[in-house]
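Notes for the structure review
Here is what each chain is made of, one letter per residue.
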Amino acid sequence: MAGKSRSGQRIEPSFSSGKERSDDGFSAGERIAGGGRSSGRESSKRDSAPEPDKPRRSNRRRKQQKRRSGGGFFGFIRSAIYWGIVLGIWAGIGLAGLVVYYGSRMPSASTWSIPERPPNVKIADLDGSIIANRGTTGGEALALNDMSPYIPEALIAIEDHRFYSHFGFDPIGLGRAVVTNVITGHAVQGGSTLTQQLAKNLFLSPDRTLERKVQEVLLAIWLEHKFTKDQILAMYLNRVYFGSNAYGVEAASRRYFNKSARDVNLGEAAMLAGLVKAPSKLSPARDPAAAEARAQLVLQAMRDQGFISEADIKTAMSQPPTRAKSYWSGAENYVADMVMGQLPGLIGSDIKEDLTVDTTIDMSLEEKAEQALNDVLAKDGKKLSASQASLVSVDATGAIRALVGGRDYAQSQFNRAVTAKRQPGSAFKPFVYTAALEMGLTPNSIRNDAPVKIGNWAPENYEQKYSGPVTLATAVAHSLNTVAAQLAMEVGPDQVIKVAHRLGIESDLQANASIALGTSEVSLLELTSAYASFMNGGFKATPHVITKVTTASGKVLYQANFDNPPRVLNPDVVTNMNAMMAGVINFGTGKAARIPGWQAAGKSGTTQSFRDALFVGFTSHLTTGVWFGNDDGKSMKKVTGGGLPAKAWKEFMIAAHKGLTPTPIFGGGQIIDNGVPMAQSAPGASQPATIGGIISGTLGNGGQVAHQGQPTLQQRPAQQQGNQTAANDDMEDLPPANLANDNNPYSANSYDTGDIPPADIGDTAPTPATARPHRTSLLDVILGR
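Criteria and thresholds
- Residues numbered from 1 in each chain as written.
- Predicted model: local features only at pLDDT ≥ 70, side-chain atom pairs only at ≥ 80, totals over all residues.
- Heavy atoms only, no water.
- Helix = DSSP H or I, 4+ residues; strand = E, 2+ residues; numbered from the N terminus.
- Buried < 20%, exposed > 50% of the residue type's maximum accessible area, 1.4 Å probe, protein only.
- Contact = heavy atoms within 4.5 Å.
- Pairing = 2+ DSSP bridges.
- Axes fitted to C-alpha atoms, helices over the stretch in contact; angles between N-to-C directions.
- Patch = residues over 30% accessible without salt bridge, like charges linked within 9 Å, V, L, I, M, F, W, Y side chains within 5 Å.
- Areas by Shrake-Rupley, 256 points an atom, 1.4 Å probe, with all protein chains shown as cover.
- Salt bridge = Lys/Arg side-chain N within 4 Å of Asp/Glu carboxyl O.

**Remarks on the overall build of the protein chain**
Per the secondary structure count, the protein chain includes 24 helices and 14 strands. With 785 residues in all, the protein chain has 49% of them scored as buried.

This is the structure:
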């Protein structure tokens with residue numbers, strides 16, 4: 001039984017070496033089936049028996065360890081891929097979290113809207129051509145189809161050639177930019193799309209933060225969803241900064257090329273597109289060479305993208321390089337500034353939308369005016385210490401046809417024609433004489449040209465020379481200070497001021513005796529416009545430059561109406577004043593202003609110590625005022641109103657009247673007394689008197705006056721009269737045919753001083769040795785002397 005029992009006992013095979021197994025946690029001695037015990041002999045056999053499976057178990061263990069250690073090179077690759085995926089997932093989760101977080105800080109997408117583009121004001125001349133654009137942008141917005149086709153092509157080629165294929169954010173372009181920048185070691189390409197750039201310009205600050213970048217991408221995706229590609233491109237081109245204070249492609253085109261973006265060529269479009277990267281640094285106004293080099297890169301990019309051919313590049317490169325001025329230039333910018341100053345008051349509010357302003361400016365006259373001033377300054381300005389000049393020209397209604405506020409707008413934007421107020425000197429005297437004529441005097445009335453003292457003030461003539469009794473016409477022609485001062489006291493300074501204000505002088509005037517010599521400051525614009533009342537026959541000429549203001553939709557916000565101006569002067573007074581001022585040009589201090597073939601009238605003015613010199617005059621067509629001087633008030637070298645200003649006046653007026661048929665000034669240059677021509681009221685008169693006859697026939701018999709009150713005129717020999725309205729092709733500097741020529745008794749006396757009229761105001765005036773013996777005059781009788 002014992003043997004059976006032993007033979008029947010089954011012993012389980014074991015592959016264990018007796019050591020602890022790590023795979024299941026049990027030892028070999030514990031793994032016995034049946035009774036769970038073994039005899040010592042069996043145990044001894046197992047301990048002494050060979051273990052053929054031991055090498056196999058060692059190999060398995062080594063393989064397991066090898067697998068645990070990574071499996072060599074391929075194991076490293078597998079691990080890198082694995083961990084890369086893990087990190088990518090976590091990075092995606094983190095990025096999504098940032099997007100959600102920063103997105104939650106933005107307003108609701110339902111409230112997003114495109115900010116209104118800052119309003120632009122398009123200022124047009126008489127013919128509708130653009131003078132200038134004003135506003136924050138500096139140019140109007142154009143539709144994409146209205147631009148030169150080269151512009152959007154150039155921009156896409158250099159900034160975002162995948163523009164029409166991405167969804168606002170371009171991962172491929174961003175990756176390419178990162179790789180390129182890493183390889184080159186510095187920033188060569190940008191990863192932002194045009195849509196992202198637009199989003200940044202429209203909604204975000206320029207801060208370079210992660211939050212702003214995330215918001216930029218979200219806004220770019222929204223823009224792509226909301227608008228078409230063409231709409232996005234048009235918005236971008238109309239708002240992007242191009243340097244030199246130009247926002248939008250239209251402003252930049254006019255700034256750098258002086259033309260509309262509709263008309264730019266391939267080379268110019270490439271230059272504009274190149275500016276977007278660094279508008280200030282690459283501006284052709286600042287660095288033309290850098291701008292040109294960048295434009296070449298744009299052209300190459302356009303060729304690579306298939307927009308243009310190699311032949312197109314050669315054509316573009318053969319064009320002369322752009323030479324933009326450093327600043328806005330041109331006299332028309334003085335007008336544009338003036339318009340912007342007046343506009344809010346005319347439309348009754350601030351500018352809130354795009355506007356078109358129609359003006360009275362004639363750009364051809366504007367250019368001629370600027371040229372005339374520059375010509376005279378270039379020739380004589382430096383040697384005569386005259387550094388600045390201004391000009392205003394108006395028509396009979398007061399419409400400003402030309403206005404130049406200074407020598408160079410790029411150097412100084414101060415408008416000397418409108419803003420500056422200066423003493424007009426003797427150019428103010430016509431208001432004194434007008435007041436005298438309204439009190440009953442005539443051009444033939446006599447006053448004594450002699451030293452006079454009014455209170456503590458003693459006005460003097462130039463060179464302290466005097467002529468005794470003279471007519472008012474003579475006094476005007478030769479700008480006699482003593483006579484003007486006497487008349488101012490006769491009529492009263494208050495009356496002179498009333499006349500000046502009635503004609504359009506708006507500045508405050510001082511009611512004192514020296515007002516006769518123009519000591520109260522006025523602007524050139526108001527002075528010139530007041531003279532226009534003489535040109536148009538006595539109606540007020542209110543100066544104005546804006547005729548109409550309309551919105552982009554065509555709504556009229558303002559319409560000027562100057563059709564019914566008030567009458568401010570009696571026609572007979574105007575006739576006599578015009579005749580006397582014609583004598584200024586033909587026989588007096590304004591001879592340098594004679595216009596061949598045209599009747600003209602005017603008055604020169606020079607202030608104390610030659611600080612200011614003016615000439616204001618008119619034909620039947622235009623009234624023009626010219627000023628010369630220095631901004632700091634420094635004295636010029638004996639520059640008078642009959643000098644540089646009269647020369648510039650003449651140059652401009654000849655150019656402005658080219659091609660026009662000459663017509664006489666109002667009154668034809670004749671003197672009227674009590675409603676009839678002066679010569680007809682005198683005994684023995686056989687022909688109409690002209691201003692030449694008045695001046696030349698005033699004194700006879702060695703200077704004795706024929707009558708104390710209203711002297712009889714001595715008629716000049718009959719002269720052949722020409723057709724006043726016929727064009728004069730002979731450009732000799734001759735007076736109009738209906739006026740007497742220059743051989744009058746005063747041509748050789750002390751008042752014929754060429755271009756230097758008496759203008760200075762004396763402090764205290766001792767009686768000069770050259771003064772003529774005093775003769776009793778009508779003034780002496782009135783004053784009881």
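**Brief notes about helix H16 (residues 429–438)**
Across the 10 residues of H16, nine count as buried, placing the element largely inside the fold. Every buried residue belonging to H16 is among Lys429, Pro430, Phe431, Val432, Tyr433, Thr434, Ala435, Ala436 and Leu437, and all of these are buried. Lining the buried residues of H16 we find helix H17 (472–477), helix H18 (481–491), helix H19 (493–503), helix H20 (524–535), helix H21 (571–587) and strand S10 (601–606). Of the residues trailing H16, Gly440 is marked for its positive phi of about 115°.

**Examining the side chain of Thr482**
Mapped onto the elements, Thr482 comes out in helix H18. Discounting chain neighbours no more than four positions away, the residues touching Thr482 are Asn448, Asp449, Ala450, Val452, Pro459, Asn461 and Tyr466.

**What to know about the side chain of Glu216**
When you line up the elements, Glu216 lands in helix H8 (residues 210–226). Since its relative accessible area comes to 2%, Glu216 is described here as buried. Contacts of Glu216, omitting those with residues within four sequence positions, involve Ser192, Gln196, Ala199, Lys200 and Leu204.

**Here's the deal with the sheet that holds strand S5 (residues 400–404)**
In any sheet, the strands associate via hydrogen bonds between backbone groups, in a parallel or an antiparallel arrangement. Strand order in the open sheet made by the five strands is S5-S4-S12-S11-S10, with antiparallel pairing throughout. Because the sheet does not close on itself, it has two edges, and the strands there are S5 and S10. The mean inter-strand angle of the sheet, taken between neighbouring strand axes irrespective of direction, is 5°. Of the pairings in the sheet, the one linking S10 to strand S11 (residues 612–618) comprises six bridges and is antiparallel in character. Paired with Thr606 across the two strands is Ala613, which belongs to S11. Set on the sheet, helix H15 (residues 363–381) makes contact with strand S4 (388–394), S5 and strand S12 (623–629); between it and S5 the angle comes to about 35°. The sheet strands contacting H21 are S10 and S11, and the helix crosses S10 at an angle near 65°.

**Details of a nonpolar patch on the surface**
Judged by side-chain polarity, Phe73, Phe74, Phe76, Ile77, Ile81, Ile85, Ile89, Trp90 and Ile93 come together as a nonpolar surface patch covering roughly 1,000 Å² of accessible area. Note on placement: Phe74 falls in helix H4 (residues 72–104).

**Here's the deal with the sheet that holds strand S9 (residues 556–559)**
Spatial ordering of the open sheet is given by S2-S1-S3-S8-S9, a layout of five strands whose pairing is mixed. Looking along the sheet, the strands with just one partner apiece sit at the ends: strand S2 (130–135) and S9. For this sheet, the mean angle separating the axes of adjacent strands, direction not counted, is 15°. Inspection of the sheet shows strand S1 (residues 120–124) paired to S2 by five bridges, in the antiparallel sense. What sits directly across from Asn120, in S2, is Gly135.

**Thoughts on the pattern of salt bridges**
Where charged atoms from two side chains of opposite charge approach closely, those side chains can pair. Under the definition given, this model contains 13 salt bridges. Between Asp612 and Arg422 there is a salt bridge, and its shortest N-O distance comes to 3.1 Å. Within this pair, whereas Asp612 is found in strand S11, its partner Arg422 is found in the loop between S5 and H16, the two being separated by 190 residues in sequence. Take Asp612: its relative accessible area is 6%, and that puts it in the buried class. In this structure, Glu490 and Arg447 form a salt bridge, with 2.7 Å as the shortest nitrogen-oxygen distance. Residue Glu490 is located in helix H18, and its partner Arg447 is located in strand S6 (residues 446–449); the two are separated by 43 residues in the primary sequence. What you see here is one network of salt bridges that share partners, running through Arg303, Asp304 and Glu310.

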